[in-house]
Structure formats: C-alpha cells, structure tokens
Amino acid sequence: MVSVSLCMIVKDEEAVLSRCLTSVGDFADEIIIVDTGSKDRTKEIAGQFTDKIYDFSWRDDFAAARNFAFEKGTGDYLFWLDADDVIPKEELTKLMDLKASLEDPLPDVVMMNYAVGFDESGRPVFSFFRERMIKRGPNAVWRGRIHEVIPPFGTVIKKEITIEHHKRKTSDAGRNLRILKEMQRTEGLGTRDQYYYGKELYYHKQYREAERALAEFLKRPDGWREDQVDACRHRAYCLYGLSEEEEALSALLEGLRFSIPRPELCCDIGWWFFRKERYPEAAWWYRRALENRKTAGNEGFIQEELRGYVPCLQLCVCYDRMGKRGLAARYNEMADRFRPGSEVCEQNRRYFRKTGAKPDVPHMIK
C-alpha cells in the first residue's frame, strides 16, 4: 500500500485544527504541520497528533509555505488540507479505499472535489475539483504567491471524493488584493494571477478597475477555459455595479465563446432577461440551464443550485407571469425535488392552491 504524508500550513487555528486532524483518521501515515506565526494554542493542539511541527516565517507567499511543508513529507504521496477543512466519514472511507487500491503505474496527481459553500441544511452548493494528492517528486511544486496551484503533470485522475471547507474565522479581507497589487508592481501578473486580480477587485467593489482587469485577462490566449467563462460572468457583475446593463449582457454572451453553455452562465443570461421582464427569453435560458446541467461537465466552479433548484424556481415565476400557471406549478414541484422541504416551494404551493392551478404534467427530472 502507498504511504501518504499530510502536509499543512497553519496560523492561529486553535478553533478548528483538532476538528480537521481528527477527521483524517488513519488515512495519513505522517502529519506535517508548518506554523507560519501562530499566537494561540495551534502548535499545542498539533502536538496531540504529530511531533513533526515546523516554523516558517511568513512572507506573503502561500506557495513558498506549502512547498516548505511538502519538502518535509516522506510518503509516496503528499496530501494537503487547510485547517478549516473536514473529511466527512463517508469520504474518509473512500479515501482509505483509494489508498488501498493504488498500484503501479501510480497516478501522479489525484484530483478531488472541494466543497466550499453549503445551503441551510448543509448540502454543498458550491464546489470545484482541485489537485489534492500528489506523487512526491520534483514536479510536486506549488506555484503562485496567492491562489497557489500545482500545475498538472503526468497521469492525472479524478475521484468523486469530497473534502469540505467550513470556515469559522474571518481572514484578512485585504490580504489577497494587497499581495496581488504588490506582484503587479514588482514582477507583473501572469495570466492566472490577472484573473484572480480582477476577481479580488470585484470583491472589494472596485468595479471599474475589476472590469478592466478581467477584460485584460480575456485578451490573453493562455487562460484556462473555465476561468475565461467565470471571468465573463464576473465582468458582467462589475458592469451591473456600474449601471451598464447592455454591456453586461455582451459580457455574458462572450462567455459562450469558450464552451458548451454552462448552467451557471445560462442562469446569468436568464436573469438579465428576467430583470427586463422579458419572460419568454428568460425562460428559454433557464431551460438551457436545466438541459445542460449534466452535459456541461464538472470542470471549474460548480454552483449546484444554478443547475437545478434556481432555474426551476425562476421558470416557475416566468411561466406564472406569462399566465401559464399549470406549467409554473410543474416547475415549482421540480424545484422541490432539488431541495426537498424548501419553504419557498411550499409558499408557492399555497399560492397555486389559491389560484386553482395544478402541475399540468408529471414533474419528472431527467
């Protein structure tokens, strides 16, 4: 069986570190903890799980810290977690099965799902695949001072194993933008950094600067396709913030250049028409979101609610305002299938009962 080194960088994580390390169970053969300047009980808690604890002077460079941690690992594979990550029990079982099943020729990189957003019942609603388990060697190197990544190499496999990210504390809100601006000033921004620079500006509501940064990213030929689609969406959000709605639609439609219309993009386009009270056009795009929820694949940032629940609810409203209440009631029932027990769906049912409307066809989801 292969051996696995869990390599983590931490700082002031006393509230969550035990939760994280407990969830790892017996999966890791060794645990490497690199502390970047904690002033709380983080290292004391880490000592309950491992004696391999190291200090690293923080210098606004996540890749440097993660590479230091990887250098300490001795296993066949290097596995990383953040302190506020959790491995659910059923996912830990999958991890143990994966570890037992790996044999020559070993894959170089194992991608796993990373769930970072959840609804009120705890179901993941925002996720994406990330490199999670990397064969130790000269290619297992992190790149990027912020939003660090290991460029894919060798044989890459994807496993439906989910790591959950449950943040408890508020991080330095200006840190990422500060680092990216310093990079822009001293060394220039690579294509991937340019993308994240635009998004950080958007998060800080610097809409004009963000729109320009994302437009610059989209001019570059070497951007990742999923980032390009997401950049079109966020560029549109910036233009909404600038009250430039026609330009926002153009930005969204540019996203169609890069891939099969993703459900997330279809919902954004549908919302543009919905806000204009152009309900037939809006409904057309929301139907595309439902139709493409499986064919669009699972690359990039996946917003599960925009692949089922939200387009169904929006179709319910669109058809109600078009006077097609039977069809509206049908899509309300479909929405409830995506999020069982939804209070919004129940309120809609009460409304339809008052109007005498009933679902006009069986609510089947393909």
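The rules behind these values
- Residues numbered from 1 in each chain as written.
- Predicted model: local features only at pLDDT ≥ 70, side-chain atom pairs only at ≥ 80, totals over all residues.
- Heavy atoms only, no water.
- Buried < 20%, exposed > 50% of the residue type's maximum accessible area, 1.4 Å probe, protein only.
- Helix = DSSP H or I, 4+ residues; strand = E, 2+ residues; numbered from the N terminus.
- Pairing = 2+ DSSP bridges.
- Disulfide = S-S within 2.5 Å.
- Phe/Tyr/Trp six-rings, centres within 6.5 Å; stacked < 30°, edge-to-face > 60°.
- Lys NZ or Arg CZ within 6 Å of the ring centre and 35° of its normal.

1. Remarks on the pairing of strand 4 (residues 77–80)
Looking along a regular strand, one sees side chains alternate from face to face of the sheet.
Reasoning step 1: With burial as the criterion, each face of strand 4 is covered, one bearing Tyr 77 and Phe 79 and the other bearing Leu 78 and Trp 80.
Reasoning step 2: Examined bridge by bridge, strand 1 (residues 4–10) and strand 4 share four bridges and lie parallel to one another. Note that in strand 4 the partner of Cys 7 across the bridge is Trp 80.
Reasoning step 3: Taken together, the three bridges between strand 4 and strand 7 (residues 124–135) define a ladder with antiparallel strand orientation. Within the sheet, the bridge partner assigned to Leu 78 lies in strand 7 and is Ile 134.

2. Describing unusual backbone geometry
Reasoning step 1: The peptide bond linking Asp 104 to Pro 105 adopts the cis configuration, its omega dihedral lying at -5 degrees.
Reasoning step 2: On the secondary structure map, Pro 105 appears in the loop between helix 4 (89–101) and strand 6 (109–118).
Reasoning step 3: Despite not being glycine, Asp 60 shows a phi value in the positive range, around 55 degrees.
Reasoning step 4: Mapped onto the elements, Asp 60 comes out in the loop between strand 3 (53–55) and helix 3 (62–72).
Reasoning step 5: In this structure, Ser 243 is a non-glycine residue whose phi angle is positive, near 60 degrees.

3. Remarks on the state of the cysteines
Reasoning step 1: Within the structure shown, the criterion is met by zero disulfides.
Reasoning step 2: Considering cysteine sulfurs only, Cys 266 is the nearest to Cys 267, which forms no disulfide, with 7.2 Å between them.
Reasoning step 3: By relative accessible area, Cys 267 is classed as buried at 4%.

4. Thoughts on the packing of aromatic side chains
Reasoning step 1: According to the stated counting rule, one finds 22 aromatic pairs in the structure shown.
Reasoning step 2: What links up through ring pairs into an aromatic cluster is the set Phe 70, Trp 80, Tyr 114, Phe 126, Phe 128, Trp 142 and Phe 301.
Reasoning step 3: Lys 72 extends its terminal NZ or CZ atom over the ring of Tyr 54, reaching a point 4.8 Å from the ring centre.
Reasoning step 4: The ring of Phe 129 has Lys 158 lying over it, and the distance from NZ or CZ to the ring centre is 4.7 Å.

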